[in-house]
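Now for the letters of each chain:
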Amino acid sequence: MLMTASASAQQPNVVIQWNQAALQGVRDSSLGPPMVARALFILNNCIYDAWAAYDSTAIGTVNGGSLRRPSEERTDANKKEAISFAAYRAAIDLFPWDKLSVFDPLMTALGYDTGYVSTNPSFPDGIGNIACNSILMRRHNDGSNQLGTLTASGVPYADYTEFMPLNAATTVPLGSNYDYQSLEPNFWQPLTYFNGKALTTQVFVGSQWQNVTAFALSSSSEYRTYAAQFGPAQYGSKAYEKQAQELITISAHLNDREKMIAEYWANGPHTNCRQGTGICSVNMYPCETTTP
């Protein structure tokens, strides 16, 4: 009995289960960090709005309090079901490649039928579907180009701003014969490198993100003035030289603990990305990453 109780106590709640499933969607994708942050927000936004319908005071972010159910319906079972349908609808929209392998099996394990597409607010599956559909309708047109409708290629999240880096791509290291005078040190430069299989050139990920409707800020430029004042110094200044030297010194004297921290947060391909790693930390539940 004690062993059964212990196992039950360790079972993650339904919100954590859906976040873990979403993180598998991240690991199975090639999404960049901006896209991952947005996707994880949307999924949890859908979860919150579905749950809010069964709380006495919480207000949904899209439908306000219009979905609130009477007190007799505010059971854990109804909350769990509404949350699961909302999370499922969000997950298959954001990570469609894992529908059959990850999200459908989770719904089955939880005891729900994915075929329930009702929008009847009298039932928890309807609440979940309504809450998520309302959010997805807004987010499909938030400037991220998730559906690929803003570009002729139709590729999801493709850049539609025609961004071109000011500095031409170059290999690493540059070497002594490189024309450093042609560089603009205050701007990003894509690098060309061997990734273990072939030469590849970096692409600026999310160049359209300045146009995406923010969810944690009032606007994408909210801290731009602050960053200009207190962020990285401009090339040619004493502060720039000081900051550069500090970075060189720090990198040259990393101890084992600092190296492990740096590697942990590096989050390369087939990992949770930094946002997912943050969710793992918040959940305080084991989350593993895989290697390419």
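The following refers to the structure shown. Fair warning: this is a prediction, and the values are worked out from it, not measured in the lab.

Overview of the pairing of strand 2 (residues 191-194)
In summary, the side chains of a regular strand alternate between the two faces of the sheet. Looking at chain direction, strand 1 (residues 170-171) and strand 2 are connected through 2 bridges and run parallel. Paired with Thr-170 across the bridge in strand 2 is Leu-191. Where strand 2 lies against strand 3 (residues 199-201), 3 bridges are found, and the strand directions are antiparallel. The residue bridging Tyr-193 from the neighbouring strand is Thr-200, located in strand 3.

Focus: the packing of helix 2 (residues 14-27) against helix 4 (residues 76-94)
Helix-helix packing is characterised by the crossing angle of the two axes and by the distance between the axes. Orientation of helix 2 relative to helix 4, taken along the N-to-C sense of each, is 15 degrees, at an axis distance of 10 Å. As far as their axial angle goes, helix 4 and helix 2 are roughly parallel. Between helix 2 and helix 4 the crossing geometry is right-handed. Residues Val-14, Val-15 and Trp-18 of helix 2 lie in contact with helix 4, whose contacting residues are Lys-80, Ile-83, Ser-84, Ala-87 and Tyr-88.

Re the packing of aromatic side chains
Applying the stated criterion across every chain, the model contains 13 aromatic pairs. Both rings, one in Phe-163 and one in Phe-204, keep their centres 4.8 Å apart while their planes meet at 45 degrees; by these two values the pair is tilted. With Phe-163 in the loop between helix 6 (124-139) and strand 1 and Phe-204 in the loop between strand 3 and helix 7 (224-230), this pair connects stretches of sequence that are 41 residues apart. Phe-163 gets classed as partly exposed once you look at its relative accessible area, which sits at 33%. For the pair Tyr-235 and Tyr-240, a centre-to-centre distance of 5.3 Å together with 90 degrees between the ring planes defines the contact as edge-to-face.

Brief notes about the nonpolar core
Trp-18, Leu-43, Cys-46, Leu-94, Phe-95 and Phe-103 are the most contacted members of the largest nonpolar core, which totals 44 residues. Counting only elements with at least two residues in this core, the list comes to helix 2, helix 3 (33-52), helix 4, helix 5 (99-110) and helix 6. Other than its neighbours up to four places away in sequence, Trp-18 contacts Leu-43, Ile-47, Ser-84, Ala-87, Tyr-88, Phe-103, Leu-106, Met-107 and Leu-110.

Here we look at unusual backbone geometry
A positive phi angle, near 65 degrees, is found at Asn-145, a position not held by glycine. Mapping Asn-145 onto the fold places it in the loop between helix 6 and strand 1. Residue Asn-145 is classed as buried on the basis of its relative accessible area, which comes to 3%. One non-glycine residue, Tyr-157, lies in positive phi territory at about 65 degrees. Mapped onto the fold, Tyr-157 is located in the loop between helix 6 and strand 1.

Scoring rules and cut-offs
Residues numbered from 1 in each chain as written. Predicted model: local features only at pLDDT ≥ 70, side-chain atom pairs only at ≥ 80, totals over all residues. Heavy atoms only, no water. Pairing = 2+ DSSP bridges. Helix = DSSP H or I, 4+ residues; strand = E, 2+ residues; numbered from the N terminus. Axes fitted to C-alpha atoms, helices over the stretch in contact; angles between N-to-C directions. Parallel < 35°, antiparallel > 145°, perpendicular 65-115°, else oblique. Left-handed = near helix turned anticlockwise from the far one by under 90°. Contact = heavy atoms within 4.5 Å. Phe/Tyr/Trp six-rings, centres within 6.5 Å; stacked < 30°, edge-to-face > 60°. Buried < 20%, exposed > 50% of the residue type's maximum accessible area, 1.4 Å probe, protein only. Core = buried A, V, L, I, M, F, W, Y, C linked by side-chain atoms within 4.5 Å.

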